[in-house]
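Observations on the three-dimensional arrangement
Each chain is listed here by its residues.
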Amino acid sequence: MAGSGRDERAWIRGAQSGSVPDLEALFRHHWPRAYRAAYLVVHDSGAAEDIAQEAFLAALRSLERFDYRRPFGPWLHRIVVNRAIDWSRSRALRPETAAEVDHHGGSERPSTDDAEALAAALADLTPEHRAVIVMRHLLEYTPGEIAKALGLPRGTVNSRLRRGLDDLAAKLGDQLR
């Protein structure tokens, strides 16, 4: 991605001062990964867009409290993933809408059989397991970074990673080997 840490710090300081171009630069720089994180947790393109947008708005509303010397991405991803988990939990409480999600979200799925099987197996995981797997293996955060981002003990992150990966392996059988 374009933009160095120095650029990001300047955008944050500018955004804290109300600069619209700096806000736009932050958005352009972080939108693809924020949307991807939300989509990989919820598997619904419309919901992922809403979640990522709401997370950006929440981050912007709290920007005056943000320490610009720290990276913006992990902070934003914490907001995105937590909102995606909440959305997934609320969806699980209303199972009648699951069929709607499958019909509308189908066009976003990869075309290969293996990718489709993996996406389906990932979607069957609990939101908590799905979130840590997405952050670790698709967004490439370390377990320590995930723990910090989600406000969890590192042991909990490692446990969720292990259980989630074990569940994926069981769902996919020999396809992962």
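So, here's what we can say about the structure. None of these values were measured; they are calculated from a predicted model.

A closer look at unusual backbone geometry
A positive phi angle, close to 55 degrees, is found at His43, a residue other than glycine. You can see His43 is positioned in the loop between helix H2 (20–42) and helix H3 (45–61). A positive phi angle, close to 65 degrees, is found at Glu140, a residue other than glycine. Overall, the relative accessible area of 65% leaves Glu140 in the exposed class.

Here's the deal with the packing of aromatic side chains
Aromatic ring pairs are reported here in terms of the distance separating the ring centres and the angle at which the planes meet. Tallying each qualifying case throughout the model produces eight aromatic pairs. Measuring from centroid to centroid gives 5.1 Å for Phe27 and Trp31, while their planes differ by 25 degrees, and the two rings are stacked. Taken as a pair, Phe27 and Trp31 lie in helix H2 at a separation of four residues, close to a single helical turn. Among the residues examined, Phe27 registers a relative accessible area of 36% and is labelled partly exposed. Taking 5.7 Å as the distance between ring centres and 85 degrees as the angle between the ring planes, the aromatic pair formed by Phe66 and Phe72 counts as edge-to-face. Given a relative accessible area of 10%, Phe66 falls into the buried group. Feature note: the residues Phe27, Trp31, Tyr35, Tyr39 and Phe56 constitute an aromatic cluster, connected by ring pairs.

Re the packing of helix H8 (residues 143–150) against helix H9 (residues 154–172)
Helix-helix packing: each pair is described by the crossing angle between the helix axes and the interaxial distance. As a packed pair, H8 and H9 sit with axes 8 Å apart at the nearest point and diverge in direction by 115 degrees. The orientation of H8 with respect to H9, classified from their angle, is roughly perpendicular. In this structure, the crossing between H8 and H9 has a hand that is right-handed. Contacts between H8 and H9 involve Pro143, Gly144, Ile146 and Ala147 from the former and Arg154, Val157, Asn158 and Leu161 from the latter. For the contact of H8 with H9, the residue count by class is five nonpolar, two polar and one charged.

Conventions we followed
Residues numbered from 1 in each chain as written. Predicted model: local features only at pLDDT ≥ 70, side-chain atom pairs only at ≥ 80, totals over all residues. Heavy atoms only, no water. Helix = DSSP H or I, 4+ residues; strand = E, 2+ residues; numbered from the N terminus. Buried < 20%, exposed > 50% of the residue type's maximum accessible area, 1.4 Å probe, protein only. Phe/Tyr/Trp six-rings, centres within 6.5 Å; stacked < 30°, edge-to-face > 60°. Axes fitted to C-alpha atoms, helices over the stretch in contact; angles between N-to-C directions. Parallel < 35°, antiparallel > 145°, perpendicular 65-115°, else oblique. Left-handed = near helix turned anticlockwise from the far one by under 90°. Contact = heavy atoms within 4.5 Å. Nonpolar A, V, L, I, M, F, W, Y, C, P; charged D, E, K, R; others polar.

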